[in-house]
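Chain and residue survey
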Amino acid sequence: MSPLVQLAAEEAENPLIPPIPELVIGLIAFVIVFGFLAKKLLPNINKVLEQRREAIEGGIEKAEAAQTEAQSVLEQYKAQLAEARHEAARLRQEAQEQGATLIADMRAEGQRQREEIVAAGHAQIEADRKSAAQSLRQDVGQLATDLAGKLVGESLEDHARQSRVIDRFLDELEEKAEAAR
């Protein structure tokens, strides 16, 4: 056999190279299946992928909108919190000022009442002293008159004279006491 025929026979028997008619039929079948998939399945697949992409993008947009809204709510909350803290500090300051004013007023009122009580006490002491001095003066005068009457042996019942003598005697005693101080 000729080398060409033998080469052709060997090529026909090579399992790696398919026969041409099978190759053509396989290629036509591939194009038909590919065309069918491209016409029927690919639009449905693209449609589902588009819907999924839109859902994802919509979800991202919603998430961004929610995040923006949350951020604005957070800022409002922080502003309200700062305002509330400021208001609390102002109220606390006012309460402290009112407390200090109230304490000062109460101290002044207490001081005034103490001074009134002390003044009333001094007045009462002075009135009691004068009353005691007057009572003592009368008692001393009566005792002096009785004693003088016993010494003289006569009754010294003349009240006007008795009062003058007693007053003069006690005035002299007071002057001596003041001079001794």
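Residues numbered from 1 in each chain as written. Predicted model: local features only at pLDDT ≥ 70, side-chain atom pairs only at ≥ 80, totals over all residues. Heavy atoms only, no water.

When helices and strands are counted, the protein shows three helices and zero strands. Here the protein holds 181 residues, and the buried ones make up 4% of them. Total accessible area on the protein is roughly 16000 Å²; 62% of this is exposed by carbon and sulfur atoms. (Helix = DSSP H or I, 4+ residues; strand = E, 2+ residues; numbered from the N terminus. Buried < 20%, exposed > 50% of the residue type's maximum accessible area, 1.4 Å probe, protein only. Areas by Shrake-Rupley, 256 points an atom, 1.4 Å probe, with all protein chains shown as cover.)

Now for the pattern of salt bridges. The full count for this structure, using the stated rule, is seven salt bridges. Residue E87 pairs with R90 through a salt bridge whose shortest N-O separation is 2.3 Å. Here R90 and E87 lie together in helix α2 (residues 20–152), a separation of three residues that amounts to about one turn. Put simply, R112 and E116 hold a salt bridge, and the shortest N to O gap is 2.2 Å. Placement of both R112 and E116 in helix α2 is noted, with a separation of four residues, approximately one turn of the helix. Exposure remark for E116: the relative accessible area of 44% places this residue in the partly exposed category. Within this structure, E50, R53 and E57 form a network of salt bridges that share partners. (Salt bridge = Lys/Arg side-chain N within 4 Å of Asp/Glu carboxyl O.)

Taken together, the side chains of V33, F36, L37, L41, L42, I45 and L49 define a hydrophobic patch exposed on the protein surface, amounting to about 630 Å² of accessible area. Tracing the backbone shows L41 in helix α2. Among the residues examined, L41 registers a relative accessible area of 42% and is labelled partly exposed. (Patch = residues over 30% accessible without salt bridge, like charges linked within 9 Å, V, L, I, M, F, W, Y side chains within 5 Å.)

Attention shifts here to the packing of aromatic side chains. Counted under the stated rule, the structure contains one aromatic pair. Ring geometry for F30 against F34: centres 6.0 Å apart, planes inclined by 20 degrees, an arrangement best described as stacked. In this pair, F30 and F34 both sit in helix α2, four residues apart, roughly one turn of the helix. Each member of the pair, F30 as well as F34, is classed as exposed. (Phe/Tyr/Trp six-rings, centres within 6.5 Å; stacked < 30°, edge-to-face > 60°.)

As a further point, take the confidence of the model for the protein. Averaged over every residue, the pLDDT of the protein is 83; the share at 70 or more is 85%. When pLDDT is averaged over each element of the protein, α2 comes out on top at 89 and helix α1 (residues 3–12) at the bottom at 58. (pLDDT = per-residue confidence, 0-100.)

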